[in-house]
Amino acid sequence: MRPLIVDIDGTLTQPEGGLDPRVCDALRAYAEEAPVIIATGKAFPFPVALCGFLSVPRRVVAENGGVTLCERTPGGEYGGGDAEGIVYNGDPAAAAATADDYRAAGHDLGWGQPDLVNYWRETEVAVARDRPLGPLEECAAAHGQEVIDTGYAYHVKSPNVDKATGLASAAERLGRESKEFLAIGDSENDAAAFAVASESYAVANADETAKAAADHVTDAGYADGFLEALERANAR
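Residues numbered from 1 in each chain as written. Predicted model: local features only at pLDDT ≥ 70, side-chain atom pairs only at ≥ 80, totals over all residues. Heavy atoms only, no water.

Caption draft 1: The pattern of salt bridges, seen in detail. Tallied over the full model, the rule gives 17 salt bridges. For Arg 131, the salt bridge identified is with Asp 108, shortest N-O distance 2.9 Å. With Arg 131 in the loop between strand 6 (125-127) and helix 4 (133-142) and Asp 108 in the loop between helix 3 (92-104) and strand 6, this residue pair connects regions lying 23 residues apart in the sequence. Note on Arg 131: relative accessible area 23%, which makes it partly exposed. Counted as one network, the salt bridges with shared partners bring together Asp 7, Lys 163 and Asp 190. (Salt bridge = Lys/Arg side-chain N within 4 Å of Asp/Glu carboxyl O. Helix = DSSP H or I, 4+ residues; strand = E, 2+ residues; numbered from the N terminus. Buried < 20%, exposed > 50% of the residue type's maximum accessible area, 1.4 Å probe, protein only.)

Caption draft 2: Molecular detail of the sheet that holds strand 5 (residues 86-88). Here 8 strands make up an open sheet; going across it, the order is 5-4-3-2-1-9-10-11 and the pairing mixed. Each edge of the sheet is formed by a strand with only one pairing partner; in this case those strands are strand 5 and strand 11 (216-217). In this structure, strand 9 (residues 182-185) lies alongside strand 10 (residues 199-202), joined through 4 bridges in parallel fashion. By the bridge assignment for strand 10, Leu 182 is matched with Glu 199. Across the sheet, helix 5 (residues 163-173) is in contact with strand 1 (4-6), strand 2 (36-39), strand 3 (59-62), strand 4 (67-70) and strand 5; its angle to strand 4 comes to roughly 25°. (Pairing = 2+ DSSP bridges. Contact = heavy atoms within 4.5 Å. Axes fitted to C-alpha atoms, helices over the stretch in contact; angles between N-to-C directions.)

Caption draft 3: Seen up close, helix 5. Within helix 5, 8 of the 11 residues are buried, leaving the element largely enclosed by the surrounding structure. Those residues of helix 5 lying buried are Lys 163, Ala 164, Gly 166, Leu 167, Ser 169, Ala 170, Ala 171 and Arg 173. Contacts made by the buried residues of helix 5 are with strand 1, strand 2, strand 3, strand 4, strand 5 and helix 6 (191-196). Taking the backbone nitrogen of Ala 164 as reference, a side-chain oxygen 2.9 Å away marks Asp 162 as the first, capping residue of helix 5. Just downstream of helix 5, Gly 175 is the residue with a positive phi angle, here 70°. (Polar contact = N/O pair within 3.5 Å; in protein donor to acceptor, adjacent residues only side chain to side chain.)

Caption draft 4: Summary view of the layout of surface pockets. As a volume, the largest pocket reaches approximately 390 Å³. Around the largest pocket, the lining is made up of 25 residues, and of these Asp 9, Lys 42, Thr 150, Tyr 152 and Ala 153 lie nearest the centre. (1 Å grid on protein atoms, 1.4 Å probe; cavity = no way out; pocket = protein on both sides within 12 Å on 5 of 7 lines; lining within 4 Å. Points joined across faces, edges and corners; volume = space filled by probe spheres on them.)

Caption draft 5: Seen up close, empty space enclosed by the protein. Applying the stated criterion across every chain yields a total of 1 cavity of 30 Å³ or more. Approximately 40 Å³ is the volume attributed to the largest cavity. At the level of secondary structure, the elements contributing two or more residues to the lining of the largest cavity comprise strand 1, strand 9 and helix 6. A per-class count over the lining of the largest cavity returns 7 nonpolar, no polar and 3 charged. (Nonpolar A, V, L, I, M, F, W, Y, C, P; charged D, E, K, R; others polar.)

Caption draft 6: Local environment of the pairing of strand 9. Here strand 9 shows no split at all, with Leu 182 and Ile 184 on one side and Ala 183 and Gly 185 on the other all buried. Examined bridge by bridge, strand 1 and strand 9 share 3 bridges and lie parallel to one another. Following the sheet pairing, Ile 5 is matched in strand 9 by Ala 183. Taken together, strand 9, helix 6 and strand 10 constitute a β-α-β crossover, and its handedness is right-handed. (Right-handed = clockwise from strand over helix to strand, strands pointing away.)

Caption draft 7: Spotlight on the nonpolar core. Counting 33 residues, the largest nonpolar core has Leu 4, Leu 27, Ile 184 and Phe 226 as the members making the most contacts within it. The dominant element in this core, judged by the number of residues it contributes, is helix 1 (residues 22-33), at 6 residues. Discounting residues that sit within four places of it in the chain, Ile 184 has contacts with Leu 4, Ile 5, Val 6, Asp 7, Thr 11, Phe 194, Tyr 201, Val 203, Phe 226, Ala 229 and Leu 230. (Core = buried A, V, L, I, M, F, W, Y, C linked by side-chain atoms within 4.5 Å.)

Caption draft 8: View of the sheet that holds strand 8 (residues 154-157). Pairing in this open sheet of 3 strands is antiparallel, and the strands run 6-8-7 from one edge to the other. Because the sheet does not close on itself, it has two edges, and the strands there are strand 6 and strand 7 (146-149). The mean inter-strand angle of the sheet, taken between neighbouring strand axes irrespective of direction, is 25°. By the bridge criterion, 4 bridges tie strand 7 to strand 8 in an arrangement that is antiparallel. In the sheet register, Asp 149 faces strand 8, and the bridge partner there is Tyr 154. The strands touched by helix 3 within the sheet are strand 6 and strand 8, with strand 6 carrying the most contacts at an inclination of about 35°. Sitting on the sheet, helix 4 is in contact with strand 6, strand 7 and strand 8, with an inclination near 140° to strand 7.

Any functional reading would require information that these geometric values do not contain.
This is the structure we're talking about:
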């Protein structure tokens, strides 16, 4: 069975939000056979916590590739990176400077206080999608950053960092290559991982960028699409 890299929001979730309970057993069963990497635009602690609650090895690509953690053995050794096995790929100073300039221009990030979307974020900044995009892109460009729209937030990130970057970091620590992975997701930020994976699936609710980049598009959306993708991929 091939190793798996999978997105969270829009892929493991229900249409109304929240993790679909059915994916828990599916991910646990898969992780018993092959490595599973949880890849997300969310801040670093969220996918780490998800792995903990699922009782699968903590193998994550967070913040759109900005930070990774890869546990080689369940409950045991971490590979590479700093003393804690964490690898940073992004430019947090540039992202923070972009946010400062955006606020100075009269715009807030849109999450209220406390801002739990960005509180634990280490390598990028997320802005609510109801906030002005044009000024954000201008501020980002001034600091060598780019803005991507995941369908859930605008993410200010380093242009040379994405989920493919994060996958390469994590795969190396598993003694694997990116081209060995099955990739499943729903958004623009999954397209880079789709491009380097052995096979990729966009769930039916995916945006057009993800669908165009994927090898296959499922008939079902959200978690139903994820489960369909697993069944189709492993039937080959």
